[in-house]
Every structure is written in C-alpha cells, then in structure tokens.
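# Fold and geometry: a report
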Amino acid sequence: MSNLQMKDLASVEELDGRAMAEVRGGNDAAAAWLKQMGPVANVNVGVNQNITQLQNVEVNALNNVGVIGAGFVAPNLTVSPSQWAAANLAL
C-alpha cells in the first residue's frame, strides 16, 4: 500500500532555489488541455487619443455709442483668459 502525504506551504515562507526544485505535484487539467491547442488568441491593443481645444474671447466695449465727447477716456479692459488641459492614462 502506498502512502500519500500532503503538506501545505506556509503563505509567508520564502523558498530558495533548492526548495522550489523539490516542490512537486499539482495538475491543472484545463491548463494542460489548453496548452495542447497552441496559441488561442492574438490580442492587439491600439490606443488613439485626440484632444481638441477651442477658445474664443470676445470683448465688446462701446457698443452702439453714437457720439463720443471731448473728455472721452478709453475704458480699462483687462482680459486674462486661461486655458489648460490634462491628458491622463489609466490602465
């Protein structure tokens, strides 16, 4: 009569090369069957990214003013537009 001995490895135990060489057993029938089939899938991943930004700044001043008098002082028009973008990738 043969004996069957099973020993689970501790999850925190680190194995050196010699100890790993002594590990035996285990059979994943599904994986063995799949290996016989050869390459099953060819996966190609293409990534394309397009960023378009548009900015239109209009300053309307002195609209529909019919007459500008002698003491006219041009208005102070401070325009400070800003535009920013971020292109991030997450896998």
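Residues numbered from 1 in each chain as written. Predicted model: local features only at pLDDT ≥ 70, side-chain atom pairs only at ≥ 80, totals over all residues. Heavy atoms only, no water.

Okay, the overall build of the chain next. Looking only at helices and strands, the chain has 2 helices and 0 strands in total. For the chain, the accessible surface area stands at approximately 9,700 Å², while carbon and sulfur atoms represent 51% of it. (Helix = DSSP H or I, 4+ residues; strand = E, 2+ residues; numbered from the N terminus. Areas by Shrake-Rupley, 256 points an atom, 1.4 Å probe, with all protein chains shown as cover.)

Let us look at a nonpolar patch on the surface. Together, Val57, Val59, Leu77 and Val79 line one region of the surface with nonpolar side chains, adding up to about 310 Å² of accessible area. Relative to the assigned elements, valine 59 resides in the segment after helix 2 (29-36). (Patch = residues over 30% accessible without salt bridge, like charges linked within 9 Å, V, L, I, M, F, W, Y side chains within 5 Å. Salt bridge = Lys/Arg side-chain N within 4 Å of Asp/Glu carboxyl O.)

Our next topic: the environment of leucine 89. Examined against the element boundaries, leucine 89 turns out to sit in the segment after helix 2. Along the backbone, leucine 89 and glutamine 49 are 40 residues apart, and their C-alpha atoms lie at a distance of 9.9 Å.

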